[in-house]
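# Notes for the structure review
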Amino acid sequence: MDTVLALSAGWKHGDVGGRAADEVLARMPWLARALEAALSGGQGLGEGSGESQRLRALVLAVHGDDDQLLGACARLQTLGLEEVARDALSAELSRVRKRYEDFIDSIDGIVWEADAEFRFTFVSKQAERLLGIPAEQWLRQPDFWARHVHPDDWPGVLSSCLSAWRQGRPHEFEYRMLAADGHIAWMRAHVTAVMEDGRPMRLRGLMVDVTEQRQARERLEHAHSVLRATFDSIGDGVVLVGLDQRIIAFNKRFQLMWGLSDEVMESRVAQRALESAAPLTRDPARFVRRIQDQYFPSEEITVDSIELRDGRVLEGTSLPQRVGDAVIGRVWSYRDVTEERRAKVERERLLVAEQNARERAEESFALLDTFLNHAPVGLAFINRELRYLRINDALASLHGRKRDEELGRTVREMNPNMASIFEPLMLQVMETGIPLSDMEMSGHVPATPDELRHWRVSYYPVRTPSGGVVGLGAVVVEVTAEHRARQERERLLKEAQEAISVRDDFLSIAAHELKTPLTPLKLHLQMMKQQSTAGHARQPHHVDKALAQVTRLSVLIHDLLDATRIEAGRLELRREPVELQALANEVLAETRPLGHQHTLEYEAPPEPLVVKGDRGRLAQVLTNLLENAFKYSPSGGVVRLTLERDGAQALISVKDTGIGIPEDQREHLFQRFFRARNAPISGFGGLGLGLYICRDIIERHGGHIWVDTEVGQGSTFRVTLPLET
Ligand code: ADP
């Protein structure tokens, strides 16, 4: 190392031999770096300060013959003052330029310059950020601008730029540009011509993306137009008045409602509008006062009802208009409530009328209900499904229920026994709309299942005002008592008629029976008279025959008297012990068969059968039964009298082989004046009193009498009498 370099490196005596290069060049790091670069095959150029001056070093690698790296050799050159100054200026220039470019690029918009043909000669880096197209493309394409402006806006852009060019003053305008991704960006352009020597040389400008502002403005305009349209279309008349008493806004409805002229409204003077409107009200002074009271900036919200002279009624609402917290004016909105009020009054009137009608209806309903429920006849309303809508107690009681239990139930549920009778009739009334009145019905109802009852029933169709049949009204009148009375009457009538016919029969039979013995009696008496007149001896058989006829008459008369006594309850018995065998023997001795064709048999037990009774009356019974046995066995046969003991009773039987008694006649056999259909009328007729008297006598002795008989086979009359113990 030469001394100059050693000194420049800060070594006072230039004694650096043997020292490491790093150590020697500690104060000249730029030279150490250049050395290092040269040793590693690079360019060993460096510039820096030495001990006292500016130095430039050129370092070269030194190679041996075999191209082996041996070391490096540095050549140092001291720089003069001029060179140093030039380098410094150049460095400053590039720093300023950098700052300027940073500044341009930091502007939120595209700074540009273009020539007279609108070819961009400069665009800032924002160009790429805003439209996504690199700045180089802006500069490279001569017609870049024309191609990227919205076709509709290009003529405007062109004319503004030309004006700026010609007039030499800035122009501002907005237009649309097409971005790389296809979206449209709204740009605001500020264009000015750059003049040189009084002549325009270039265009220079700034493009700012105003898409968002533009959209916001459009939204605002849209919102404003919606508000305006709403404002004009609402039914309320609205006016806004500022603190300076000027009308800020109003809608058409307000102007029309108050009949305000265009001139008044255009003047915007609130006081004038108030003066024009006030005379329309019924009380103008009050109206004006009220408005003024409301006006003075107050927080109050008021609602007033304003009556106009023409009959309209307006409802006015007044409230403060605010921006944020500040009151900036007041709003009045008026609504025409004339119809509303009328409707309300009408509604109230109708309500009162309806209330009255309802009360009246309830009253009549209560009356009807009371009437219905307490009516002595059964009443019900039944719907088309045959369910009870209403039913009164009288009808419900037939079903053995309370009326409330029946509502909504079907007629079949309530009266299953009779449903099949009245259901078809009910359906018929609802189908035809023709009532069915006073139908006679009989049947058994749940309340009295064992009793046959009778009703007179009517069904009437129930119609809606439009005529449709919605159900039926049923009226059920109980006529069981009447029915029974009628039946009783009919029975009595029948009995009376029967009695009359019996009496008539009796009279004719009695007359016949009484007359029958008279003819032979008269005959025998006449014979006896003739014999006596002729002085002949009296024929005894005439006397006997006459006496027999008298006996027959007296028997008939006794029977009649006995029957009368029995009816009057005056048949008296004289009771004494009677031995039946002895009694039978006496009767048999008296009773003669009518003809010889009869055989009379008698059978009795050896031990005596003693009863306590009326001897004569018991003999009368035996006689009667035996005589009947003969009488009703006209073709002869055996008549058998049997006495026997049957436990504590004596049993007397009189059996014949005669005509018998038809079955349907047997129950009447022991009745007064009864003669069986098959009893012969003539010959051995009777009055139909014998068995009647017999039964009364036997029953009064505590016994019974009955008959076993077969038509054509004969009859056995049996009598029991309690034996005396
Ligand atoms: P009468 O014999 O006088 O008609 P009764 O009271 O003795 O009256 O008998 C009533 C009726 O009973 C008779 O008319 C007759 O039809 C019937 N009758 C009574 N006894 C007999 C009998 N043994 N056989 C058939 N019918 C008899």
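Just above sits the structure.
Moving on: unusual backbone geometry. Even without being glycine, aspartate 197 reaches a positive phi, approximately 55°. You can see aspartate 197 is positioned in the loop between strand 7 (184–196) and strand 8 (199–209). Note on aspartate 197: relative accessible area 81%, which makes it exposed. With a phi angle near 65°, arginine 268 is a residue other than glycine that sits in the positive phi range.

The subject of this paragraph is the site of the ligand. Taken together, 22 residues are adjacent to the ligand, and Asn628, Tyr632, Asp656, Arg675 and Leu691 come closest. Between the ligand and tyrosine 632, the relevant distance is 2.8 Å, taken from an oxygen atom to a side-chain nitrogen or oxygen of the residue. Between the ligand and the protein, one listed contact pairs an oxygen atom with a backbone N or O atom of glycine 688 at 3.4 Å. For the ligand, the protein covers 97% of the area, taking 530 Å² as the surface of the free molecule. Looking at which element gives the most residues to the shell around the ligand, the answer is helix 22 (residues 615–631), with four residues. Per-class residue counts for the shell around the ligand are twelve nonpolar, seven polar and three charged.

With respect to the helices and strands, the residue histidine 399 is situated in the loop between helix 15 (393–398) and helix 16 (403–406). You can call histidine 399 buried: its relative accessible area is 8%. Separated by 2.9 Å, the side chains of histidine 399 and glutamate 406 make a polar contact. Sequence-distant contacts of histidine 399, that is, excluding residues within four places in its chain, are made with Tyr388, Ile391, Glu406, Met414, Asn415, Pro446 and Ala447.

Right, let's get into the layout of surface pockets. Within this model, the second largest pocket holds a volume of roughly 600 Å³. Along the wall of the second largest pocket there are 23 residues; nearest its centre are Val502, Asp505, Arg672, Phe673 and Phe674. Counted by class, the lining of the second largest pocket contains ten nonpolar, five polar and eight charged residues.

Bringing the sheet that holds strand 1 (residues 44–49) into the picture now. Across the sheet, three strands lie side by side as 1-2-3; this open sheet has antiparallel pairing. At either margin of the open sheet sits one strand with a lone partner, and together these are strand 1 and strand 3 (69–78). Along the sheet, successive strands turn relative to each other by an average axial angle of 25°, direction set aside. Pairing analysis gives six bridges linking strand 1 to strand 2 (residues 54–63), with the strands arranged antiparallel. Its bridge partner lying in strand 2, leucine 45 is registered against leucine 58. Strands in contact with helix 3 (residues 29–39) are strand 1, strand 2 and strand 3; relative to strand 2, the strand with the most contacts, it is inclined by about 25°.

This part covers helix 20 (residues 540–568). For helix 20, built from 29 residues, the straight-helix expectation of 42 Å at 1.5 Å per residue is met to within 8% by its first-to-last C-alpha distance of 41 Å. Listed as buried for helix 20 are His542, Ala546, Gln549, Leu553, Leu556, Asp559, Asp562, Ala563 and Ile566. Looking at the packing, one finds that the buried side of helix 20 touches helix 19 (480–533), helix 22 and helix 23 (690–700).

Here the focus is the packing of aromatic side chains. Enumeration according to the criterion identifies 14 aromatic pairs in this entry. With 6.1 Å between their ring centres and 75° between their planes, tryptophan 145 and tryptophan 154 make a pair best called edge-to-face. What links up through ring pairs into an aromatic cluster is the set Trp112, Phe118, Phe120, Trp138, Phe144, Trp145, Trp154, Phe173 and Tyr175. Of note, arginine 214 hangs over the ring of tryptophan 186, and the distance from its end group to the ring centre comes to 3.6 Å.

Let us look at empty space enclosed by the protein. The full count for this structure, using the stated rule, is two cavities of 30 Å³ or more. Its boundaries defined by the atoms lining it, the largest cavity holds a volume of some 170 Å³. If you trace the largest cavity, you find 16 residues lining it, with Leu395, Asn415, Phe422, Tyr459 and Val476 closest to the centre. Among the secondary structure elements, those contributing two or more residues to the lining of the largest cavity are helix 15, helix 18 (419–432), strand 16 (436–445), strand 17 (448–463) and strand 18 (469–478). Top element by residues in the lining of the largest cavity is strand 17. It accounts for three residues. Looking at the lining of the largest cavity residue by residue, the classes come out as 14 nonpolar, two polar and no charged. Taken as a whole, the second largest cavity encloses approximately 50 Å³ of empty space. Surrounding the second largest cavity, Leu580, Leu583, Leu618, Val621, Leu622, Leu625, Ile652, Ile698, Val719 and Leu721 form its lining. Broken down by secondary-structure element, the contributors of at least two residues to the lining of the second largest cavity are helix 21 (580–590), helix 22 and strand 25 (714–722). Residues of the lining of the second largest cavity, tallied by class, amount to ten nonpolar, no polar and no charged.

Thresholds, definitions, all that
- Residues numbered from 1 in each chain as written.
- Predicted model: local features only at pLDDT ≥ 70, side-chain atom pairs only at ≥ 80, totals over all residues.
- Heavy atoms only, no water.
- Helix = DSSP H or I, 4+ residues; strand = E, 2+ residues; numbered from the N terminus.
- Buried < 20%, exposed > 50% of the residue type's maximum accessible area, 1.4 Å probe, protein only.
- Near = heavy atom within 4 Å.
- Polar contact = N/O pair within 3.5 Å; in protein donor to acceptor, adjacent residues only side chain to side chain.
- Areas by Shrake-Rupley, 256 points an atom, 1.4 Å probe, with all protein chains shown as cover.
- Nonpolar A, V, L, I, M, F, W, Y, C, P; charged D, E, K, R; others polar.
- Contact = heavy atoms within 4.5 Å.
- 1 Å grid on protein atoms, 1.4 Å probe; cavity = no way out; pocket = protein on both sides within 12 Å on 5 of 7 lines; lining within 4 Å.
- Points joined across faces, edges and corners; volume = space filled by probe spheres on them.
- Pairing = 2+ DSSP bridges.
- Axes fitted to C-alpha atoms, helices over the stretch in contact; angles between N-to-C directions.
- Expected span 1.5 Å × (residues − 1).
- Phe/Tyr/Trp six-rings, centres within 6.5 Å; stacked < 30°, edge-to-face > 60°.
- Lys NZ or Arg CZ within 6 Å of the ring centre and 35° of its normal.

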